[in-house]
Amino acid sequence: MAIKIENRSQTKLPGKTEKLIEQILSGVPREHTRGLERLRLVDSIEDTRLRLPQRSNLPGIYHPRQGTQQAWLEIATGVLLPKNKPLFKRLFPRLSFKGNLAAVIFSLIGQHYYLTMRHSVKKTQIEAAVRAYTETRLRLWSEQQHTLRTRLFRPFQPTLEKWARALQKRAAAERKKSSSTT
């Protein structure tokens, strides 16, 4: 069963957003989305369980299955594309809209997958598992989107990843050193 896409947002979205969402969802294995009924685009999330500051900054929320109602996803377009901001603060989110939307969708699907399908993951490990799931799905989706760039940089990727790990290790040592002196 395909996931229904409902657009209840008043925000002016970039063209072909629904087609982009369908493309993002097609890159996810069907068993990971089993049980998801719909994906709803709204201006802001209006969930009474959340406090107001949380609601205004939350880009998406996963609604688990409750009784006979299937699980569904809700994405706030007002957070991804802010309206009442200066031009440069509206321009950058619009330029990175595809990637941000993909990241939100992958993280919500990851939550659904690890909460409903993967019973071997403990509750304390879910956040790290969802983060890893999102990163791997984003990497695969990005490679699919940018085939030429992927082919050009693939030989350099191991070296770049090694440099990134070395920089992270150095930053962690600096943080540890600064926290121990304070």
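Refer to the structure presented above.
A brief structural summary.

## Thoughts on the nonpolar core
No. 1: Formed by 33 residues in total, the largest nonpolar core has its most connected members in I21, L39, I75, L101, I105 and I109.
No. 2: Counting only elements with at least two residues in this core, the list comes to helix 1 (17-26), strand 2 (36-42), strand 4 (71-76), helix 5 (97-117) and helix 6 (126-145).
No. 3: Considering each element in turn, this core owes the most residues, ten residues, to helix 5.
No. 4: Once residues within four sequence positions are removed from consideration, L39 is found in contact with I3, K4, I5, E6, I21, L73, I75 and I105.

## With respect to the packing of helix 1 against helix 5
No. 1: In contact at an axis separation of 10 Å, helix 1 and helix 5 are set at 45 degrees when each is read in the N-to-C sense. Judged by the angle between their axes, helix 1 and helix 5 are oblique. Both helix 1 and helix 5 take part in a crossing whose hand is right-handed. Within the contact between the two elements, helix 1 uses T17, L20, I21, I24 and L25 and helix 5 uses F97, K98, L101, A102, I105, F106 and I109.
No. 2: Residue composition of the contact of helix 1 with helix 5, grouped by class: ten nonpolar, one polar and one charged.

## Side note on the packing of aromatic side chains
To describe a pair of aromatic rings, one takes the distance between the centres and the angle between the planes.
No. 1: Considering all chains together, one arrives at three aromatic pairs under this definition.
No. 2: Taken together, Y113, Y114 and Y133 form an aromatic cluster joined through their ring pairs.
No. 3: Here the guanidinium or amino end of R40 rests over the ring plane of W72, the centre of that ring lying 4.7 Å away.

Conventions we followed
- One numbering rule holds for all chains: residues counted from 1, following each sequence as written.
- Residue-level local features of this predicted model are given only where pLDDT is at least 70; pairs of side-chain atoms are given and counted only at 80 or more, and the full residue set underlies all totals for whole chains, interfaces and linings.
- Values reported for side chains reflect all heavy atoms of the structure, with hydrogen atoms and water molecules removed beforehand.
- Nonpolar cores were defined as sets of buried Ala, Val, Leu, Ile, Met, Phe, Trp, Tyr and Cys residues, with membership established by side-chain atoms within 4.5 Å.
- Residue exposure (1.4 Å probe, protein chains only): buried if accessible area is under 20% of the type maximum, exposed if over 50%, otherwise partly exposed.
- Secondary structure follows DSSP: runs of H or I at least 4 residues long count as helices, runs of E at least 2 residues long count as strands, and numbering of each begins at the N terminus.
- By definition, residues are in contact when any of their heavy atoms lie within 4.5 Å.
- Orientation is described by lines fitted to C-alpha atoms, with helices fitted over the stretch in contact, and by angles between N-to-C directions that extend from 0 to 180 degrees.
- Roughly parallel refers to an angle under 35 degrees, roughly antiparallel to one over 145, roughly perpendicular to one between 65 and 115, and oblique to any angle outside these ranges.
- Should the near helix be turned counterclockwise from the far one by less than a right angle, the crossing is left-handed, whereas a clockwise turn marks it as right-handed.
- Here the term charged refers only to Asp, Glu, Lys and Arg, the term nonpolar to Ala, Val, Leu, Ile, Met, Phe, Trp, Tyr, Cys and Pro, and the term polar to all other amino acids, Gly among them.
- Stacked, edge-to-face and tilted labels apply to pairs of Phe, Tyr and Trp rings (six-membered ring for Trp) whose centres lie within 6.5 Å, assigned for plane angles under 30 degrees, over 60, and everything in between, in that order.
- We call a charge positioned over a ring when the NZ of a Lys or the CZ of an Arg lies within 6 Å of the ring centre and within 35 degrees of the ring normal.

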